[in-house]
Amino acid sequence: MRAVVFDRCGQPADVLNVRDLPVPTPGHGEVMVRMLASPINPSDLMYIQGQYGIAPQLPATPGFEGVGIVEKSGGGLLGWLRNGKRVAVINDRNGNWAEYTVTAARKVIPVPDAISDEAAASFFVNPVTAVVLIDHVLQVPRGEWLLQSAAGSALGIMIVRLAKRRGIRCINIVRRREQVAELSGHGAEFTLVESAGSIPDRVKEITGGNGVKFAIDPVGGQTGSNVIASLAHGGRAISFGTLSGQPLTVEPRFLIAGARSVEGFWLGEWAKNQSIPRMLRTFREVRTLYRDGVVATDVAATYALEDVAKAVTHAAKPAKNGKVILRIGTR
Ligand SMILES: NC(=O)c1ccc[n+]([C@@H]2O[C@H](COP(=O)([O-])OP(=O)(O)OC[C@H]3O[C@@H](n4cnc5c(N)ncnc54)[C@H](OP(=O)(O)O)[C@@H]3O)[C@@H](O)[C@H]2O)c1
């Protein structure tokens, strides 16, 4: 089979190759999936650069999520049930940027027929993160303020739509002015351009002087620090990404005197601690939100596996307006 491989960590376009590898065999409790499509997420790029929470066992194949068809089960009830199904594929061990991959049967989730392969490729990471952050981790009540940065990202747009559906008042931070109109097309009420003045001051103005009780930040650096500085008394900020590559700066007294807190979130870590019924309920909720267009992902461009270097270069560019997808096979 053809597979994307890297022998050392580095800039993705420099270190990725496409090679022939043996088709992997599933063990008990695992399935072999023929891959159809996989998105290039920020986490994939960080993994290839050796800057992610999981270190690659080199040589390695990237690709944490995607969609494919289960072609073989290595044994076990779940694998047998999934055989022949088109599924979202979660893979933190073997990598999905290959014609075939092997993953645990419990890490493949059947996807509705109506969703295209390109859209189904992003069925898991961002939609589940949106639901988990808002409904499970922060449990933002109806009518409350929520502040988010990188609001024009695929995940940020899902949060805008999900907040609207939940009756949450979302304040969005973006780095490009064009994104204001784009986000209002998704129902955003308040979108702040980073360069247009103090974020904490503008957030206080919008919220009547208090700041926000709930905030999420995948950027870090100055942007994330502004998000934290916009917290109200008792406010919680979740740091869940490192898009800027820069550390957060926090004034300790601001946290101490105002009972404010900053927490980290990683979907993989969260998922490890959930019961199977809770995960199934979350997937059911994600399916409903997909059906209603709340967690849909726009596609910026599609590339063949052989063009992976061009694809990762595109995915790392600013202003790409959607996901870059690797098209690996056809149904
Ligand atoms: N912790 C978790 O479990 C978890 C799960 C899912 C996602 N995430 C994180 O969530 C973030 C968004 O993911 P995604 O898939 O939605 O990303 P995406 O669609 O690829 O979009 C990236 C977005 O980030 C913006 N951006 C990039 N660098 C930035 C910077 N230095 N300052 C401000 N904005 C910047 C880009 O703005 P432009 O449009 O202007 O280029 C773009 O809108 C990533 O950090 C990802 O790792 C974390």
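Bear in mind that the values here come from a model prediction, so they are computed numbers and not experimental data.

Visitor: Describe the overall build of the protein chain, listing the residues and the values that go with them.
Guide: The secondary structure content of the protein chain amounts to 13 helices and 15 strands. With the C-alpha coordinates aligned to their principal axes, the bounding extent of the protein chain is approximately 60 × 40 × 35 Å. A burial count over the protein chain gives 43% of its 331 residues as buried. Considering only contacts in the protein chain between residues 6 or more positions apart, those separated by 24 or more positions represent 65%.

Visitor: So what's going on with the site of the ligand? Which residues, and what values?
Guide: By nearness alone, 25 residues border the ligand, and Ser-153, Ala-154, Leu-155, Gly-241 and Leu-267 come closest of all. Going through the elements one at a time, helix H2 (42-48), helix H5 (125-137) and helix H6 (154-166) are the ones with two or more residues in the shell around the ligand. At 3 residues, the largest contribution of residues to the shell around the ligand is made by H5. Its residues assigned to classes, the shell around the ligand shows 14 nonpolar, 9 polar and 2 charged. Both domain 1 (2-122 + 297-327) and domain 2 (126-268) contribute no fewer than three residues apiece to the shell around the ligand.

Visitor: So what's going on with helix H9 (residues 221-229)? Which residues, and what values?
Guide: Of all 9 residues that make up H9, 7 are buried, and the element is covered over most of its length. By the burial criterion, the buried members of H9 are Thr-223, Gly-224, Ser-225, Asn-226, Val-227, Ile-228 and Ala-229.

Visitor: Give a description of the nonpolar core that names residues and reports values.
Guide: Grouped together as the largest cluster of nonpolar side chains are 89 residues, with contacts concentrated most on Val-67, Ala-88 and Val-212. At 8 residues, the largest contribution of residues to this core is made by H6.

Visitor: Explain the environment of Lys-323 to me, and be specific about the residues and the numbers.
Guide: Relative to the helices and strands, Lys-323 is located in strand E15 (residues 323-327). Of the residues examined, Lys-323 has 22 C-beta atoms within 10 Å and is grouped as buried. Discounting chain neighbours no more than four positions away, the residues touching Lys-323 are Pro-39, Ser-122, Ala-154, Thr-297, Val-299 and Ala-300.

Visitor: Got a sec to walk through unusual backbone geometry? Specific residues and values, please.
Guide: A cis amide bond, omega -10 degrees, links Leu-58 with the succeeding residue Pro-59. As for its placement among the helices and strands, Pro-59 is situated in the loop between H2 and strand E4 (67-73). Even without being a glycine, Gln-139 presents a positive backbone phi close to 50 degrees. Tracing the backbone through its elements, the reader meets Gln-139 in the loop between H5 and strand E8 (145-148). Classification of Gln-139 as exposed rests on a count of 10 C-beta atoms within 10 Å.

Visitor: Give a description of the sheet that holds E8 that names residues and reports values.
Guide: With respect to topology, 6 strands assemble into an open sheet ordered E10-E9-E8-E11-E12-E13, the strand pairing being parallel. Edge positions in the sheet fall to strand E10 (190-193) and strand E13 (261-264), since each has one partner strand and no second. This sheet shows a mean twist of 20 degrees between the axes of neighbouring strands, independent of strand direction. Sheet analysis places E8 next to strand E9 (residues 169-174), joined by 4 bridges and oriented parallel.

Visitor: I'd love a proper account of the pairing of strand E5 (residues 86-89), names of residues and values included.
Guide: Covered by surrounding structure in E5 are Arg-86 and Ala-88 together with Val-87 and Val-89, the residues of both alternating faces. In this structure, E4 lies alongside E5, joined through 3 bridges in antiparallel fashion. Residue pairing across strands places Ile-69 opposite Arg-86, the latter belonging to E5. Where E5 lies against strand E7 (residues 108-110), 3 bridges are found, and the strand directions are antiparallel. Each bridged residue has a counterpart across the sheet, and for Val-87 the counterpart in E7 is Pro-110.

Scoring rules and cut-offs
Residues numbered from 1 in each chain as written. Predicted model: local features only at pLDDT ≥ 70, side-chain atom pairs only at ≥ 80, totals over all residues. Helix = DSSP H or I, 4+ residues; strand = E, 2+ residues; numbered from the N terminus. Buried ≥ 20, exposed ≤ 12 C-beta atoms within 10 Å, placed from the backbone. Contact = placed C-beta atoms within 7 Å. Near = placed C-beta within 6 Å. Nonpolar A, V, L, I, M, F, W, Y, C, P; charged D, E, K, R; others polar. Domains from an automatic or database assignment. Core = buried A, V, L, I, M, F, W, Y, C linked by C-beta atoms within 7 Å. Pairing = 2+ DSSP bridges. Axes fitted to C-alpha atoms, helices over the stretch in contact; angles between N-to-C directions.

By themselves, these figures tell us nothing about what the structure is for.
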